[in-house]
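Remarks on the overall topology
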Amino acid sequence: MILGLRGRCVGLALLSLAVGVSAAAADQGQNQKPYIVKDGKVDKNTYNGWRRYTESCMRCHGPDGSGSSYAPDLTQSLKTMSEDTFKSTVMGGRVNVGQANENVMPSFAEVEDVTMYLDDIYAYLKARSDGVIGRGRPQKLTAMNEGPHG
Ligand code: HEC
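The following paragraphs examine the structure supplied in this document. What you see is a predicted model, and the numbers here were worked out from it, not measured in a lab.

1. Side note on the packing of aromatic side chains
- Using the criterion set out here, one finds three aromatic pairs in the structure.
- Ring centres of tyrosine 47 and tryptophan 50 lie 5.6 Å apart, and the angle between their planes is 45 degrees; this geometry places the pair in the tilted category. Of this pair, tyrosine 47 and tryptophan 50 both sit in helix H2 (residues 44–56), three residues apart, which is roughly one turn of the helix. Assigned by exposure class, tyrosine 47 and tryptophan 50 land together as buried.

Below, the structure written as structure tokens:
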């Protein structure tokens, strides 16, 4: 009897610890932005994300992430899609079957220019999706992030 009670206490303590930890993690996820934007200018990772996007994704998803007749508007997608789902979609690709025209999102798992900079690409598209930067080549923050030649 005494043993049983003690067991339950330990269980409860562990449970509340776990809840506390995951709540903190969720908080952080919501508040933390993957980009820095000041006065419409972006940090170098976000800028690099624009470059990489333009190189590897634009031909299907259109300029600035805003979609084409072939592939979805990623500035819309990221309003609801999680970072994890975004990344696994890019790594794994996706085929939309059951449509008259089969639209294919290729897998980028083997493309280093994408896998190495997936955080940057996400940051850029998230900034676009949040509406904090407009279309076209973003301006870079210089002084703080890049030094005088940025
Ligand atoms: C060859 C054309 C093509 C290229 C290149 C391409 N995509 Fe896609 N992508 C698609 C198509 C088509 C879909 C829709 C697939 C579907 O409906 O299942 C898609 C879907 C996606 C989705 C899911 C969107 C949603 O709302 O569900 C994400 C995220 C995505 N692409 C990101 C990227 C990123 C990032 C790159 C560059 C690294 C990229 N794509 C390059 C064609 C492409």
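Now that the structure has been shown, the text picks up again.
2. Observations concerning the pattern of salt bridges
- Throughout the structure, instances matching the rule amount to seven salt bridges.
- Of the charged contacts in the structure, one is a salt bridge between glutamate 55 and arginine 51, with a shortest N-O distance of 4.0 Å. Taken together, the positions of glutamate 55 and arginine 51, both in helix H2 and four residues apart, correspond to about one turn of that helix.
- For arginine 51, a relative accessible area of 38% translates into the label partly exposed.
- Measuring nitrogen to oxygen at the nearest pair gives 2.8 Å for the salt bridge that ties lysine 87 to glutamate 83. Residue lysine 87 and its partner glutamate 83 are both found in helix H5 (residues 83–92); the two are separated by four residues, about one turn of the helix.
- The partly exposed category is assigned to glutamate 83, whose relative accessible area is 31%.
- Put simply, Arg51, Arg52, Glu55 and Asp113 are held in one network by salt bridges that share partners.

Cut-offs used in this document
Residues numbered from 1 in each chain as written. Predicted model: local features only at pLDDT ≥ 70, side-chain atom pairs only at ≥ 80, totals over all residues. Heavy atoms only, no water. Phe/Tyr/Trp six-rings, centres within 6.5 Å; stacked < 30°, edge-to-face > 60°. Helix = DSSP H or I, 4+ residues; strand = E, 2+ residues; numbered from the N terminus. Buried < 20%, exposed > 50% of the residue type's maximum accessible area, 1.4 Å probe, protein only. Salt bridge = Lys/Arg side-chain N within 4 Å of Asp/Glu carboxyl O.

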